[in-house]
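# Tertiary structure, described
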Amino acid sequence: MLVVMRDHASREQIDHVVEILTDAGAQAHLSGGEVKTIIGVIGDREVVYALELEGLPGVEETIRVLKPYKLVSRDFQPDDTVVRVPGATVGGGAFAVIAGPCSVESAEQMHAVAAAARAAGATMLRGGAYKPRSSPYAFQGLGLEGLEMMREAADAHGLPVVTEVLDVRDAETVAEWADVLQVGARNMQNFRMLDELGTMGKPVLLKRGLSANIEELLSAAEYVLKGGNRDVILCERGIRTFETYTRNTLDLAAVAALKTLTHLPIVVDPSHATGRRDLVAPMSRAAVFAGADGVMVEVHPEPERAKCDGPQSLDLGGFEAMMDGLLDLLPLAGKRPGVA
Ligand code: PEP
Ligand code: MN
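Residues numbered from 1 in each chain as written. Chains lettered and ligands numbered in written order. Predicted model: local features only at pLDDT ≥ 70, side-chain atom pairs only at ≥ 80, totals over all residues. Heavy atoms only, no water.

What follows covers the side chain of Arg237. Of note, Arg237 is situated in the loop between strand E12 (232–236) and helix H8 (252–261). Here Arg237 sits buried without a salt bridge, and the closest side chain of opposite charge, Asp269, lies 5.7 Å off (N-O distance). Discounting residues that sit within four places of it in the chain, Arg237 has contacts with Ala185, Arg186, Lys207, Arg208, Leu210, Asn248, Asp269, His272 and Ala273. (Helix = DSSP H or I, 4+ residues; strand = E, 2+ residues; numbered from the N terminus. Buried < 20%, exposed > 50% of the residue type's maximum accessible area, 1.4 Å probe, protein only. Lys, Arg positive; Asp, Glu negative; His and termini not counted. Salt bridge = Lys/Arg side-chain N within 4 Å of Asp/Glu carboxyl O. Contact = heavy atoms within 4.5 Å.)

Quick look at the structure:
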């Protein structure tokens, strides 16, 4: 349930409602600004409905939420969530460009990518240290050593780090080295991990599952917000369809739909969505006009030698060319580069 308070409801009125809710064993999550406060209620439906909150001073109305998510919904928070990390901002008009290799392979590779990414206008550095691979015999990532290499390169070039938490057991370690914790497509419904990331105080980049629908993606994000972490960035990275020319099918309609359903920022990953480097720049441009709050692209100094996802990776010149065609479009879509 959502409790919508009257404009300029007093602190005492808000606290009173919260107290009644917590006494009844429910959780109260507040959103809104100086004028309007909305209280998102999580708890036993029957108990909460029986509280008859409409009659309380300062309460405008209560809204029963039938969807499986509440806190991520625009009804709960009409204003865009803006996620801030040291050096970068995503959402509320700030457009993120997250660039880097599929996997961290060496210190030299990360320095080369970080330097070129920064020079071309990227706002964050990505790279996998723990890799989800379909085959157990494929390169699994450098682990902690990879995290250290990426952190060093990112700091040298003033970029925040985005990297994947593959397993809940690695979450603490990854959080020590990274600024944004990525949940990969294959882990989107790893609910124990989402719970854990909800309590960790680091922004989360949640990738859409290979066959997850929009409601499932939002419900997964709800787990993180319910834990107390409001800094979630959604990522559309393509879904499985009958089409095989592209690796996945980029669902840009989902991006436009999500912008109306949720206040959370959404980035598009055209690299995994298409699997083809020639489609990364045009799909990045399309993402801007679909309403995305950023793109995440794979960039490698020598894609032909990449240990992972070379065919979809741009080389450094390719990334620069992509950025040349992208940055000029941002103002046309009401966006600006998401540098802090
Ligand atoms: C990645 O971004 O490195 C990745 C593995 O992507 P996904 O989880 O979307 O397949
Ligand atoms: Mn990849």
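So, about the domain arrangement of the protein chain. Many descriptions give the size of an interface as the accessible area lost when the pieces come together. Looking at the protein chain, the domain boundaries give domain 1 (2–63) and domain 2 (83–337). Contact with domain 1, which involves 5 residues of that partner, is made by 4 residues of domain 2. For the pair domain 1 and domain 2, the two sides together bury roughly 320 Å², of which 44% comes from carbon and sulfur. Inspection of the region where domain 1 meets domain 2 yields 0 salt bridges. Our count for the contact surface shared by domain 1 and domain 2 stands at 1 residue pair in polar contact (both at pLDDT 80 or more). (Domains from an automatic or database assignment. Buried area = accessible area lost by both parts, 1.4 Å probe. Polar contact = N/O pair within 3.5 Å; in protein donor to acceptor, adjacent residues only side chain to side chain.)

The next thing to look at is the coordination of the manganese ion (ligand 2). Distances from the manganese ion (ligand 2) to its protein donors, namely Cys102 (SG), His272 (NE2), Glu298 (OE) and Asp309 (OD), fall within the range 2.0 to 2.4 Å. Look at where the donors of the manganese ion (ligand 2) fall in the sequence and you get C-x169-H-x25-E-x10-D. Of this pair, Glu298 sits in strand E14 (residues 294–298) while Asp309 sits in the loop between E14 and helix H11 (316–327); the two residues are 11 residues apart in sequence, bridging distant segments of the chain. In this pair, the class of Glu298 matches that of Asp309, namely buried. (Donors = N, O, S within 2.8 Å, 3.2 Å for Na, K, Ca; no water.)

This part takes up the sheet that holds strand E3 (residues 37–42). Spatially, 4 strands are ordered E2-E3-E1-E4 in an open sheet, and the strand pairing comes out antiparallel. The sheet terminates laterally at strand E2 (27–32) and strand E4 (59–63), the two strands that pair on one side only. Pairwise comparison of adjacent strand axes, ignoring direction, gives a mean angle of 20 degrees for this sheet. By the bridge criterion, 6 bridges tie E2 to E3 in an arrangement that is antiparallel. Residue pairing in the sheet places Leu30 in a bridge with Ile39 of E3. Helix H1 (residues 11–23) contacts strand E1 (2–5), E2, E3 and E4 of the sheet and is inclined by roughly 5 degrees relative to E3. (Pairing = 2+ DSSP bridges. Axes fitted to C-alpha atoms, helices over the stretch in contact; angles between N-to-C directions.)

At a closest axis distance of 10 Å, the pairing of helix H10 (residues 280–290) and H11 adopts a crossing angle of 25 degrees. Of the possible angle classes, the one that applies to H10 and H11 is roughly parallel. Here H10 runs over H11; the crossing is right-handed. Between H10 and H11, the contacting residues are Val280, Ala281, Ser284, Arg285 and Val288 on the first element and Met322, Gly325 and Leu326 on the second. Looking at the contact of H10 with H11 residue by residue, the class counts come to 5 nonpolar, 2 polar and 1 charged. (Parallel < 35°, antiparallel > 145°, perpendicular 65-115°, else oblique. Left-handed = near helix turned anticlockwise from the far one by under 90°. Nonpolar A, V, L, I, M, F, W, Y, C, P; charged D, E, K, R; others polar.)

Turning next to the site of ligand 1. For ligand 1, the full set of nearby residues is Arg126, Lys131, Pro132, Glu164, Gln182, Gly184, Ala185, Arg186, Lys207, Arg237, His272 and Met296. Take Lys131: an N or O atom from its side chain is 2.9 Å from an oxygen atom of ligand 1. In the model, an oxygen atom of ligand 1 is placed 2.9 Å from a nitrogen or oxygen of the Arg186 side chain. Protein chains bury 97% of the 290 Å² of accessible surface belonging to ligand 1 in isolation. (Near = heavy atom within 4 Å. Areas by Shrake-Rupley, 256 points an atom, 1.4 Å probe, with all protein chains shown as cover.)

This paragraph deals with the pattern of salt bridges. Under the definition given, this model contains 17 salt bridges. Taking the shortest distance from any N to any O, the salt bridge between Arg151 and Asp155 comes out at 2.9 Å. Of this pair, Arg151 and Asp155 both sit in helix H4 (residues 144–156), separated by 4 residues, roughly a single helical turn. Relative accessible area serves as the criterion here: at 15%, Arg151 is assigned to the buried category. The partner of Arg169 in a salt bridge is Asp167, with the nearest N and O atoms 2.9 Å apart. What makes Arg169 exposed here is its relative accessible area of 71%. Taking the relative accessible area as the measure of exposure, Asp167 reaches 24% and is therefore partly exposed. A single network of salt bridges, built from pairs that share partners, joins Asp7, Lys36 and Glu60.

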